[in-house]
Amino acid sequence: MTDSLPGRDQYRHFLPVQSRWNDMDKYGHVNNMVYYGYFDTVVTDYLIRQAGLDTDAGESIGLVVESHCNYHKPVAFPAVIDCGLRVGKLGRSSVRYEIGVFAHGDDDIAATGHFVHVYVDRASMRPTPIAADMRAALEPLVV
């Protein structure tokens, strides 16, 4: 691991996610596209549990407008994945979530990534300010 990669202590929230046998690729490690599922899981779980996100009827919805992942170290089944979450930028109507993926018990980061939500009004699909309760839940994650 290089000095420029973040450690566990740089993430504000963690969610353990059990890897699945079908996450593996032919080369014996978790396939690259599965990491985006881990990203979405840690963010959505946090928003539902901490910010009261209502995915069915909330007035605003978050649209992913950007995503990225860098892979640093392979992870293999049956690893439990510790997904670290922090917020790199909290704007008026957008938020940049930053995720660190660690195999449980390993301090070396396996992957780093981010995605950006732009919050829009569900009916008009136009950008809308992040709701106060959502903002309050996200502020403790800001680095």
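None of the values given here were measured: they were computed from a predicted structure. (Residues numbered from 1 in each chain as written. Predicted model: local features only at pLDDT ≥ 70, side-chain atom pairs only at ≥ 80, totals over all residues. Heavy atoms only, no water.)

*Asks:* What should I look at first to understand the packing of aromatic side chains in this one?
*Replies:* Counting across every chain of the model gives 8 aromatic pairs. When the centroid spacing of 6.4 Å and the interplanar angle of 70 degrees are considered together, the rings of Tyr11 and Phe14 count as edge-to-face. Classification of Tyr11 by relative accessible area gives buried; the value is 6%. Judged by relative accessible area, which is 32%, Phe14 ranks as partly exposed. A centroid spacing of 6.2 Å and a plane angle of 55 degrees characterise the contact between Phe14 and Phe102, whose relative ring orientation is tilted. With Phe14 in strand E1 (residues 13-18) and Phe102 in strand E4 (residues 94-103), this residue pair connects regions lying 88 residues apart in the sequence. Grouped by ring-pair contacts, the aromatic residues Tyr11, Phe14 and Phe102 constitute a single cluster. (Phe/Tyr/Trp six-rings, centres within 6.5 Å; stacked < 30°, edge-to-face > 60°. Buried < 20%, exposed > 50% of the residue type's maximum accessible area, 1.4 Å probe, protein only. Helix = DSSP H or I, 4+ residues; strand = E, 2+ residues; numbered from the N terminus.)

*Asks:* Is there a simple way to explain unusual backbone geometry in this structure?
*Replies:* With an omega of 15 degrees, the peptide bond running from Phe77 to Pro78 counts as cis. Here the phi dihedral of Met125 falls at roughly 65 degrees; this positive angle occurs in a residue that is not glycine. Along the polypeptide, Met125 turns up in the loop between strand E5 (111-121) and helix H2 (132-138).

*Asks:* Looking at this model, I keep getting lost on the sheet that holds E5. Mind explaining?
*Replies:* Through backbone hydrogen bonds, the strands of a sheet pair up, either in parallel or in antiparallel fashion. Taken in spatial order, the 5 strands make up an open sheet running E1-E3-E4-E5-E2, and their pairing is antiparallel. The sheet terminates laterally at E1 and strand E2 (60-71), the two strands that pair on one side only. Neighbour-to-neighbour, the strand axes of this sheet turn through a mean angle of 25 degrees, independent of strand direction. Bridge analysis of E1 against strand E3 (residues 80-90) gives 6 bridges, and the strand direction is antiparallel. Within the sheet, the bridge partner assigned to Leu15 lies in E3 and is Cys83. The strands touched by helix H1 (residues 34-51) are E1, E2, E3, E4 and E5; relative to E5, the strand with the most contacts, the crossing angle is about 50 degrees. (Pairing = 2+ DSSP bridges. Axes fitted to C-alpha atoms, helices over the stretch in contact; angles between N-to-C directions. Contact = heavy atoms within 4.5 Å.)

*Asks:* Where do I start with the state of the cysteines in this structure?
*Replies:* By definition, a disulfide links the sulfur atoms of two cysteines through a covalent bond. With the rule as written, the count across this model stands at 0 disulfides. Distance from the sulfur of Cys69, which forms no disulfide, to the nearest cysteine sulfur (Cys83) is 11 Å. By relative accessible area, Cys69 is classed as buried at 8%. Judged by its relative accessible area of 0%, Cys83 is buried. (Disulfide = S-S within 2.5 Å.)

*Asks:* Help me understand the layout of surface pockets, please; the structure alone is not making it clear to me.
*Replies:* Sizing a probe to match a water molecule and rolling it over the atoms shows the empty space that remains. Of the pockets and cavities examined, the largest pocket occupies roughly 160 Å³. Forming the walls of the largest pocket are 13 residues, and the residues nearest its centre are Thr44, Leu53, Thr55, Gly62 and His117. Mapped by element, the contributors of at least two residues to the lining of the largest pocket are H1, E2 and E5. Tallying contributions element by element places E2 first for the lining of the largest pocket, with 4 residues. Residues of the lining of the largest pocket, tallied by class, amount to 5 nonpolar, 5 polar and 3 charged. (1 Å grid on protein atoms, 1.4 Å probe; cavity = no way out; pocket = protein on both sides within 12 Å on 5 of 7 lines; lining within 4 Å. Points joined across faces, edges and corners; volume = space filled by probe spheres on them. Nonpolar A, V, L, I, M, F, W, Y, C, P; charged D, E, K, R; others polar.)

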